[in-house]
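# Structural characterization, general
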Amino acid sequence: MLIFMRELFQISKKNIFTLLLLGGVMALLSLLSGCMGSSVNTSKQVEKKLSEKYGEDFVVTEIGNRFNTGSATLYCHPESDENINFTVVYDFSDETITDDYMIRKSAVNLDSEISELSRKSGIGFSSITVFHGAIDDNLNGTEDVSEFIRKSGTHRLYMHLAVNADDISDESDAAVILDSLHEISRKYDNIDVLAVLFA
């Protein structure tokens, strides 16, 4: 009888360990599925808020860090143009969003102007423009770069220019790029243009 009780006790220990292990795995799976569902809900909610704010459809491509912050950073683009990538911060407490869509949209539009100047000059160069300034809901609906610059109070453009080194053979080619930057400056009320050139 004592041998039977010892075997029963050993089996019960194994069963308890197995049950605890299975319970832990189930709890982990439940937690992970809750996070994924929360991510999908957050994405859908942000896409809806952006659509209401700007009158067009958006796609959330990624959700960034959101641990212990009360907010989530999401990376998005308009459904109509994957080249305009921007960030949205979603505040869980009051369900509000703050985004830099108009800043990125204006920068991409300005980069398109630079590409057109490159095409006209025959020298291959392109830019990534960065606007620095406050994110402001008064910029909503700003359709062109000059209106954006005027409304945002931007006084300086920061550009990273990538140039095809094979297209620059002498100083006159570099002067063409500088003339293009001067043209951009003049077009936008002599705004300062700070550019870094990468060949």
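Residues numbered from 1 in each chain as written. Predicted model: local features only at pLDDT ≥ 70, side-chain atom pairs only at ≥ 80, totals over all residues. Heavy atoms only, no water.

### A look at helix α4 (residues 171-187)
In plain terms, the rule: A run of DSSP states H or I qualifies as a helix once it reaches four residues; a run of E qualifies as a strand once it reaches two. Both are numbered from the N-terminal end. Expected span, for any helix, means 1.5 Å times one less than how many residues it has.
With 17 residues, α4 should reach 24 Å at 1.5 Å per residue; the first-to-last C-alpha distance of 24 Å fits that figure. One or two residues past the end of α4 sits aspartate 189, with phi positive at roughly 55°.

### Overview of the sheet that holds strand β4 (residues 96-99)
Let me state the cut-off plainly: Strands pair, by our definition, only if DSSP identifies at least two bridges between them. Axes here mean lines fitted to C-alpha atoms, for a helix over just the part in contact, with angles spanning 0 to 180 degrees between N-to-C directions.
Spatially, four strands are ordered β1-β2-β3-β4 in an open sheet, and the strand pairing comes out antiparallel. Edge strands, defined here as strands with exactly one partner in the open sheet, are β1 (58-63) and β4. Direction aside, the axes of adjacent strands within the sheet are offset by 35° on average. Bridge count between strand β2 (residues 71-78) and strand β3 (residues 86-91): six bridges; the pairing is antiparallel. Looking at the pairing, leucine 74 lines up with valine 88 of β3.

### A short note on the packing of aromatic side chains
The criterion, for reference: For Phe, Tyr and Trp, rings pair up if their centres lie within 6.5 Å, where Trp contributes its six-membered ring, and each pair is then called stacked (planes under 30 degrees apart), edge-to-face (over 60) or tilted (otherwise). A 1.4 Å probe rolled over the protein chains alone gives each residue an accessible area, and that area as a share of the maximum for its type sets the label: buried under 20%, exposed over 50%, partly exposed in between.
Counted by the stated rule, this structure contains seven aromatic pairs. Relative to tyrosine 101, the ring of tyrosine 54 has its centre 4.8 Å away and its plane inclined at 65°; by these criteria the two rings are edge-to-face. Of this pair, tyrosine 54 sits in helix α1 (residues 2-54) while tyrosine 101 sits in helix α2 (residues 101-121), and the two are 47 residues apart along the sequence. Ring geometry for phenylalanine 131 and phenylalanine 148: centres 4.8 Å apart, planes at 65°, overall edge-to-face. Of this pair, phenylalanine 131 sits in the loop between β5 (125-130) and α3 (145-152) while phenylalanine 148 sits in helix α3, and the two are 17 residues apart along the sequence. Of the two residues, phenylalanine 131 and phenylalanine 148, neither departs from the other in class, the shared state being buried. An aromatic cluster is defined as three or more aromatic residues linked by ring pairs; in this entry it consists of Tyr54, Phe58, Phe86 and Tyr101.

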